[in-house]
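# Coordinate inspection notes
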There are 2 protein chains.
Amino acid sequence: MELQTIENAFKDLQDRICKALEISDKKGKFIEDKWEHHSGGGGRTRLIQEGNILEKGGVNFSSVSGPVHERLLQQLNLDPGADLQFNATGVSIVMHPNSPMVPIIHMNVRYFQINNGISWFGGGIDLTPHYVLQEDAVFFHKTMKSACDRHDPVYYPKFKSWADEYFYLPHREETRGVGGIFFDYLKPENGKTKEELFDFVLDVGNQFAPVYTALMEKHREDPYTGVEKAWQYLRRGRYVEFNLVWDRGTKFGLETSGRTESILMSLPPQANWAYDYKPEEGSPEAATLALLKKGIEWV
Amino acid sequence: MELQTIENAFKDLQDRICKALEISDKKGKFIEDKWEHHSGGGGRTRLIQEGNILEKGGVNFSSVSGPVHERLLQQLNLDPGADLQFNATGVSIVMHPNSPMVPIIHMNVRYFQINNGISWFGGGIDLTPHYVLQEDAVFFHKTMKSACDRHDPVYYPKFKSWADEYFYLPHREETRGVGGIFFDYLKPENGKTKEELFDFVLDVGNQFAPVYTALMEKHREDPYTGVEKAWQYLRRGRYVEFNLVWDRGTKFGLETSGRTESILMSLPPQANWAYDYKPEEGSPEAATLALLKKGIEWV
């Protein structure tokens, strides 16, 4: 399986997702920025802004190459002096909607190879509602579960727990949202071929547009108040905290001279912080906080 | 020199600074939150909000104790299995003004001791104007230089460079603001006694109120436009990026179960992000960006 095949499929995924989001938004249009990476390759960053539903979002494709960074050599237990080259390609998405009734969503699919023969896939989708609705969380997780189950019955339980652990803010004792699936270092082994793994990864990528446009449609006309809007800004503050403090991908990118503007496209257009804010007991905001826990079985 | 003496002086510093800020603000009043640390000691967090000049700011005193965290043992090259106890006390301040014409400021003075006999002081003050004014930067640095020079002529050049290095965002290739002074691991050695070091540290703390209230007074009536306000929100975004991605104190605090609300009091009430925003050539915003560089000799 050639790198080129994976790249092409990821570019096509980016195209299809952008089109689906534009159709559903009915106003916002993506603008594209093409860029080159300092050590090889580059990307197509696509930004949507000021849509009917989408306030700010990015759908990024990149395929970069270069010498393997010493931090990664260390992480992979490889000889720190090894002179190795990598290729990395992927699609990465975060959407921040105008309405607090529409959830934030994140998706990422990626492929990494090193010229010592090692290669793997990673990815995931997770949903961050400003207000957690049981019905939406169940719909989202069921969709993820059936996509996983088509490939391996162990995937969903394993990758769902992994998402609970990954999308977690220890300093807040909160999950980022209702989770989803997360996986990494998926290698051809245990009877799975690289082609089969890639089928799975693409299948995950293909869940994004139908699942998110369904949630956009469902909540596009929901009314909301100033209180709900203020809560959205505080929740976006938590999103910023997760991405800048805990997200390994963001940290790795920033510390190894990735393209800052593409990496930080995940940040919201506006976020607020209030000292020690605690929602009123019995409020919808308190109900949401109570559901930002690991280990909830939505399906 | 007893820990108690240092604690008392830091509490007194906190009291005096809060009073001076309230007098200068003429509206905002500090509210206090007393809290206890999970392994010993606690703090007095003081918050000012919705003032005439100060939109949100914190002046925190803390004095905490407990077993030395494994991450710190590692950092100090101590035996990873050592059963050591620490005490840490300090005052920490960040102020976010309403007006983009008034700078953000940060100050910290701290003392750390371990029951193996090691102890040291650290601290610093740095200024983050939304619009860099030569005159203000020179005034700020001159004040810091004369405070340093009263104690040791090597302090200012050394600690000024250290601030340039410390308050730097590599992923933006920008300094956080116009810098100031930063120092750490200041130990009794080279003929300096602990009392002399403490005198210096307190002197640094005592610069805060006069220098910042002078800038508050100078700019309190400055008019500003929507364009300048929007720029302030973007600069606050950079402040968030520095604190969450690069500030060692913040990261250490969050990763070792410090009190989240006190640590993240440094975050602004509102911050914005815009994709790849570049100010117009020749604009005041572009002039400010050009001055966010290391190594500018303001004095």
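Keep in mind it's a predicted model, so treat the numbers as computed, not measured.

### Remarks on the interface of chain B and chain A
Each partner contributes residues to the interface: chain B has 29 residues there, and chain A has 30 residues. When the area that chain B buries against chain A is broken down by residue, the three leading residues are Glu261(B), Trp273(B) and Tyr275(B), summing to 29%. Counting across the chain B and chain A interface gives two salt bridges. Between Arg172(A) and Glu261(B) there is a salt bridge, and its shortest N-O distance comes to 2.9 Å. In this assembly, chain B and chain A are joined by 14 residue pairs in polar contact (both at pLDDT 80 or more). For the side of chain B that touches chain A, the secondary-structure elements that each account for two or more residues are β2 (41–49), α6 (226–246), α7 (248–255), α8 (260–263) and β10 (270–272) of chain B. Here the element with the most residues in the side of chain B that touches chain A is α6(B); it accounts for five residues.

### Some words on the side chain of His219(B)
Residues and elements named next belong to chain B. Among the secondary structure elements, His219 is positioned in helix α5 (residues 194–219). Here His219 falls in the buried class, since its relative accessible area comes to 3%. One polar contact links His219 to Asp222, side chain to side chain, over a distance of 2.6 Å. Setting aside chain neighbours within four positions, we find His219 in contact with Met101, Val102, Leu133 and Asp136.

### A word on the sheet that holds strand β4 (residues 85–97) of chain B
Consider a sheet: its strands pair through backbone hydrogen bonds, and that pairing is either parallel or antiparallel. Residue and element names in this part refer to chain B. Sheet architecture is open: seven strands sit in the order β1-β2-β3-β4-β5-β6-β9, paired in antiparallel fashion. Each edge of the sheet is formed by a strand with only one pairing partner; in this case those strands are β1 (31–36) and β9 (179–186). Sheet twist, expressed as the mean angle between neighbouring strand axes with direction ignored, is 10°. Across nine bridges, the pairing between β2 and strand β3 (residues 54–67) is antiparallel. Counterpart to Gly43 in the pairing with β3 is Ser62.

### Topic: the side chain of Gln14(B)
Residues and elements named next belong to chain B. Looking at where Gln14 falls in the secondary structure, it is placed in helix α1 (residues 3–25). Classification of Gln14 as buried rests on a relative accessible area of 0%. Dropping the residues within four chain positions of it, Gln14 is found in contact with Arg44, Arg46, Val59, Asn60 and Phe61.

### Here's the deal with the pattern of salt bridges
Side chains that carry opposite charge are capable of pairing whenever their charged atoms lie near each other. Applying the stated criterion across every chain yields a total of 46 salt bridges over all chains. Through salt bridges with shared partners, a single ionic network connects Asp15(A), Glu32(A), Lys34(A), Arg44(A) and Arg46(A).

### Examining unusual backbone geometry
Residues and elements named next belong to chain B. With a phi close to 55°, Asn77 is a non-glycine residue in the positive phi region. Within the fold, Asn77 resides in the loop between α2 (70–75) and β4. Judged by its relative accessible area of 71%, Asn77 falls in the exposed class. We note that Tyr185 has phi near 55°; this positive angle belongs to a residue other than glycine.

### Overview of the relation of the copies chain B and chain A
Here chain B sits on chain A after a turn of 180° about the axis and a move of 0.0 Å along it, with an RMSD of 0.0 Å. Considering both components of the superposition, the chain copies are consistent with a two-fold axis. By residue overlap, the copies meet face to face through one surface: 100% of the interface positions of chain B are interface positions in chain A.

### Brief notes about the sheet that holds strand β3 (residues 54–67) of chain A
All names here are of chain A. In space, the seven strands of this open sheet follow the order β1-β2-β3-β4-β5-β6-β9, with antiparallel pairing throughout. The sheet is open, and its two borders are formed by β1 (31–36) and β9 (179–186), each paired with just one other strand. Going across the sheet, the axis of each strand differs from the next one's by a mean of 10°, ignoring polarity. Where strand β5 (residues 104–114) meets strand β6 (residues 119–128), 10 bridges bridge the pair, whose relative direction is antiparallel. Along β6, the bridge assignment pairs Ile104 with Thr128. Packed onto the sheet, helix α6 (residues 226–246) meets β3, β4 (85–97), β5 and β6 and runs at close to 165° relative to β4.

The rules behind these values
- Residues numbered from 1 in each chain as written.
- Chains lettered and ligands numbered in written order.
- Predicted model: local features only at pLDDT ≥ 70, side-chain atom pairs only at ≥ 80, totals over all residues.
- Heavy atoms only, no water.
- Contact = heavy atoms within 4.5 Å.
- Buried area = accessible area lost by both parts, 1.4 Å probe.
- Salt bridge = Lys/Arg side-chain N within 4 Å of Asp/Glu carboxyl O.
- Polar contact = N/O pair within 3.5 Å; in protein donor to acceptor, adjacent residues only side chain to side chain.
- Helix = DSSP H or I, 4+ residues; strand = E, 2+ residues; numbered from the N terminus.
- Buried < 20%, exposed > 50% of the residue type's maximum accessible area, 1.4 Å probe, protein only.
- Pairing = 2+ DSSP bridges.
- Axes fitted to C-alpha atoms, helices over the stretch in contact; angles between N-to-C directions.
- Least-squares fit on C-alpha atoms with pLDDT ≥ 70 in both.

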